[in-house]
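Fold and geometry: a report
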Amino acid sequence: KDITVESLRCAVFTNDQFEGNLVITDSKFTTDSLVALALYSGSTTLNNVEATTKSSNVIDNRNGSICNIYGGKYTTDSDFIPIVNANATMNIHGGTFEGSGTVIATTGTGTTTIDETASETVIRCNNKEVTYHKAGVRVEGTSTTVINGCTIENAEYGIWVRKDTPSVTLKN
């Protein structure tokens, strides 16, 4: 609780040997060159976290890990995708997510649920010029995405079904 980390590399890294539960509350993470939160196993809960990267992804959730987000702000100043959920589970319950191109990407066999019943969820493509598509949510592979309310702003595509056979369910 109440952690501030400014680093050149990952601020939080759960490698493939971590099997526990990590809870981070009211904290701030800033990184210069790598992912702010590299979550590669176990379960991580982020409560009102602010995370920013200057040249990479903000959250890289992979390999069967579970990430639960309850509010906060997640931003990248680069052309990278702020939130990547690949072959893992991500549950978003409010927060602001901002990037230049695609903001949230679910790939492989990943499952992402966006549910703003407790708090507003805003997915925002910023005004930076990019050479690829601006998408609020991008899905591909055989991933599953359920959107139960959110606001997507300034996107070329609100939801981009990029390739393969993903499942997307829209509610509310």
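Overview of the structure. (Residues numbered from 1 in each chain as written. Predicted model: local features only at pLDDT ≥ 70, side-chain atom pairs only at ≥ 80, totals over all residues. Heavy atoms only, no water.)

**Observations regarding the overall build of the chain**
Broken down by element type, the chain carries zero helices and 19 strands. C-alpha atoms of the chain, sized along the principal axes, occupy 35 × 35 × 30 Å. Counted over contacts in the chain with a minimum sequence separation of 6, partners at least 24 positions apart contribute 48%. When the accessible area of the chain is evaluated, it comes to approximately 7800 Å², of which 45% is carbon and sulfur surface. Counting 13 positive and 19 negative side-chain charges, the chain places the centres of these two groups 3 Å from one another. (Helix = DSSP H or I, 4+ residues; strand = E, 2+ residues; numbered from the N terminus. Contact = heavy atoms within 4.5 Å. Areas by Shrake-Rupley, 256 points an atom, 1.4 Å probe, with all protein chains shown as cover. Lys, Arg positive; Asp, Glu negative; His and termini not counted. Charge placed at Lys NZ, Arg CZ, Asp CG, Glu CD.)

**Things to note about the pairing of strand β10 (residues 89–92)**
Relative to β10, strand β8 (residues 66–76) is paired through four bridges, and the arrangement is parallel. From the neighbouring strand, isoleucine 66 faces β10, where its bridge partner is threonine 89. Where β10 meets strand β13 (residues 111–115), four bridges bridge the pair, whose relative direction is parallel. Across the sheet, threonine 89 pairs through a bridge with threonine 111, a residue of β13. (Pairing = 2+ DSSP bridges.)

**So, the environment of leucine 39**
Following the sequence through the fold, leucine 39 ends up in strand β5 (residues 37–39). Classification of leucine 39 as buried rests on a relative accessible area of 1%. Sequence-wise, leucine 39 and threonine 113 are 74 residues apart; in three dimensions their C-alpha atoms are separated by 17 Å. (Buried < 20%, exposed > 50% of the residue type's maximum accessible area, 1.4 Å probe, protein only.)

**Observations concerning the nonpolar core**
In terms of nonpolar packing, the biggest core is built from 26 residues, with Leu37, Leu46, Ile59, Ile69 and Tyr74 touching the most fellow members. If you list the elements that add at least two residues to this core, you get β5, β6 (43–53), β8, β10, β14 (121–125) and β15 (135–141). Contacts of leucine 37, omitting those with residues within four sequence positions, involve Val12, Phe29, Leu46, Ala51, Val58, Ile59 and Asp60. (Core = buried A, V, L, I, M, F, W, Y, C linked by side-chain atoms within 4.5 Å.)

**So, the sheet that holds strand β18 (residues 157–164)**
If you trace the seven strands from one edge of the open sheet to the other, you get β2-β5-β7-β9-β12-β15-β18, paired in parallel fashion. Looking along the sheet, the strands with just one partner apiece sit at the ends: β2 (12–14) and β18. The mean angle between the axes of side-by-side strands here comes to 10°, regardless of whether they run parallel or antiparallel. With four bridges connecting them, strand β9 (residues 83–86) and strand β12 (residues 104–107) associate as parallel partners. By the bridge assignment, valine 84 is partnered in β12 with alanine 105. (Axes fitted to C-alpha atoms, helices over the stretch in contact; angles between N-to-C directions.)

**Looking at the packing of aromatic side chains**
With the rule as written, the count across this model stands at three aromatic pairs. For the ring pair tyrosine 74 and phenylalanine 97, a centre distance of 5.1 Å and an interplane angle of 10° mean the geometry is stacked. Of the two residues, tyrosine 74 is situated in strand β8 and phenylalanine 97 in strand β11 (residues 95–99); the sequence distance between them amounts to 23 residues. There is no split in this pair, since tyrosine 74 and phenylalanine 97 are both buried. Seen from their ring centres, tyrosine 157 and tryptophan 160 are 5.8 Å apart, and the 25° between their planes marks the pair as stacked. Take tyrosine 157: its relative accessible area is 32%, and that puts it in the partly exposed class. (Phe/Tyr/Trp six-rings, centres within 6.5 Å; stacked < 30°, edge-to-face > 60°.)

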